[in-house]
Amino acid sequence: MEKAPDAFRTISEVAQELDVPQHVLRFWESRFREIKPMKRGGGRRYYRPNDLDLLRGIRHLLYSEGYTIRGVQRLLREQGPRFVQSVWQEGAPPPSQQPAEAEPVREPPEARSHGVEPLLPGADAARATTRRTGEAFPPAGPVAPAPAGLGREELQRLEAVLRDLTECRRLLASALAEPV
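Residues numbered from 1 in each chain as written. Predicted model: local features only at pLDDT ≥ 70, side-chain atom pairs only at ≥ 80, totals over all residues. Heavy atoms only, no water.

S.K.: A description of the overall build of the chain should follow, citing residues and the corresponding values.
M.R.: A tally of regular secondary structure across the chain gives 7 helices and 3 strands. Counting from the amino terminus, the chain carries its helices and strands in the arrangement β-α-α-β-β-α-α-α-α-α. Counting only residues that meet the buried cut, the chain has 32% of its 180 residues in that class. In the chain, the proportion of contacts linking residues at least 24 apart, taken out of those at least 6 apart, comes to 55%. Put simply, the chain shows about 11700 Å² of open surface, and 54% of that area lies on carbon and sulfur atoms. (Helix = DSSP H or I, 4+ residues; strand = E, 2+ residues; numbered from the N terminus. Buried < 20%, exposed > 50% of the residue type's maximum accessible area, 1.4 Å probe, protein only. Contact = heavy atoms within 4.5 Å. Areas by Shrake-Rupley, 256 points an atom, 1.4 Å probe, with all protein chains shown as cover.)

S.K.: I'd like a description of the packing of helix H3 (residues 49–64) against helix H4 (residues 69–79), backed by residues and values.
M.R.: Look at H3 against H4: their axes get within 10 Å of each other, and the N-to-C directions meet at 130°. In terms of their interaxial angle, H3 and H4 are classed as oblique. Between H3 and H4 lies a crossing of right-handed hand. In contact with Leu54, Ile58, Leu61 and Leu62 of H3, H4 contributes Ile69, Val72, Leu75 and Leu76. (Axes fitted to C-alpha atoms, helices over the stretch in contact; angles between N-to-C directions. Parallel < 35°, antiparallel > 145°, perpendicular 65-115°, else oblique. Left-handed = near helix turned anticlockwise from the far one by under 90°.)

S.K.: I'd love a proper account of the sheet that holds strand S1 (residues 9–10), names of residues and values included.
M.R.: Backbone hydrogen bonds are what pair the strands of a sheet, in a parallel or an antiparallel way. The strand order across the open sheet built from 3 strands is S1-S3-S2, with neighbouring strands paired in antiparallel fashion. One side of each edge strand has no neighbouring strand; the edge strands of this open sheet are S1 and strand S2 (38–39). Here 2 bridges tie S2 to strand S3 (residues 45–47), and the two strands are oriented antiparallel to one another. Opposite lysine 39, over in S3, you have arginine 45 as the bridge partner. (Pairing = 2+ DSSP bridges.)

S.K.: Describe in detail the nonpolar core, supporting the description with residues and values.
M.R.: A general trend in soluble globular proteins is that nonpolar side chains are found buried together. Grouped together as the largest cluster of nonpolar side chains are 24 residues, with contacts concentrated most on Leu25, Trp28, Ile35, Leu55, Ile58 and Val72. Sorting the residues of this core by element identifies helix H1 (11–18), helix H2 (22–31), H3, H4 and helix H5 (81–86) as the ones contributing at least two each. With 6 residues, H3 is the largest single contributor of residues to this core. In this view, isoleucine 58 contacts Trp28, Phe32, Ile35, Val72 and Val84; residues no more than four positions away in its chain are not counted. (Core = buried A, V, L, I, M, F, W, Y, C linked by side-chain atoms within 4.5 Å.)

S.K.: Any chance you could break down unusual backbone geometry for me, citing the residues and the numbers?
M.R.: Of note in the backbone geometry, aspartate 19 takes a positive phi value of approximately 60° without being a glycine. For aspartate 19, the position within the fold is in the loop between H1 and H2.

S.K.: Which residues make up the confidence of the model for the chain, and what are the values?
M.R.: Summary statistics for the chain give a mean pLDDT of 74 and a share of 68% for residues scoring 70 or more. For the chain, per-element mean pLDDT is lowest for helix H6 (residues 109–113), which scores 42, and highest for H2, which scores 93. Contacts of residues 97–142 to residues separated by more than four positions or lying in other chains number 72 contacts, the stretch itself having pLDDT below 50. (pLDDT = per-residue confidence, 0-100.)

S.K.: I'd like a rundown of H3, residues and numbers included.
M.R.: The terminal C-alpha atoms of H3, which comprises 16 residues, lie 21 Å apart, in line with the 22 Å expected from a rise of 1.5 Å per residue. Taken as a whole, H3 has its buried residues at Asp51, Leu52, Asp53, Leu54, Leu55, Arg56, Gly57, Ile58, His60, Leu61 and Leu62. Buried residues belonging to H3 abut S1, H1, H2, S3, H4 and H5. Immediately beyond the C-terminal end of H3, within one or two residues, lies glycine 66, with a positive phi of roughly 80°. (Expected span 1.5 Å × (residues − 1).)

Written out as structure tokens, the structure reads:
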């Protein structure tokens, strides 16, 4: 049986419709004060149509446009919930050309503590060196271009993983080179 478009939805119905786990919806509730589902006895959540549109907009900005949580919070503050509620719809005005958060990519603390030069987009992993010794890391193989459709946040996570793996490779190489 299909529900009416203006009917309230349970968290499981919303999670299924948006294709996100229920715990993600609860997490978003903690990060976006604009999400206020009605709660009944026992803490059961019921989402109104406006709540669902807001969640669709948040999902679109996070997953399709590459915004971070902080960037969506800023958009909600600057553009308002109505803008975010409509941003996912066909023909809606795009957020802005640049995601609201133009924060620089930061080197993770563990890379700094081991003296690893950060691998920035376009940097060749084979040319990375340690600050301590100035020696080049063993070649890590060809660095493929990032697949199309990756958001900025996903690309940053992949770059951090690449830095960690490069440092692991260096540590392994130096451990194997040391006499036992």
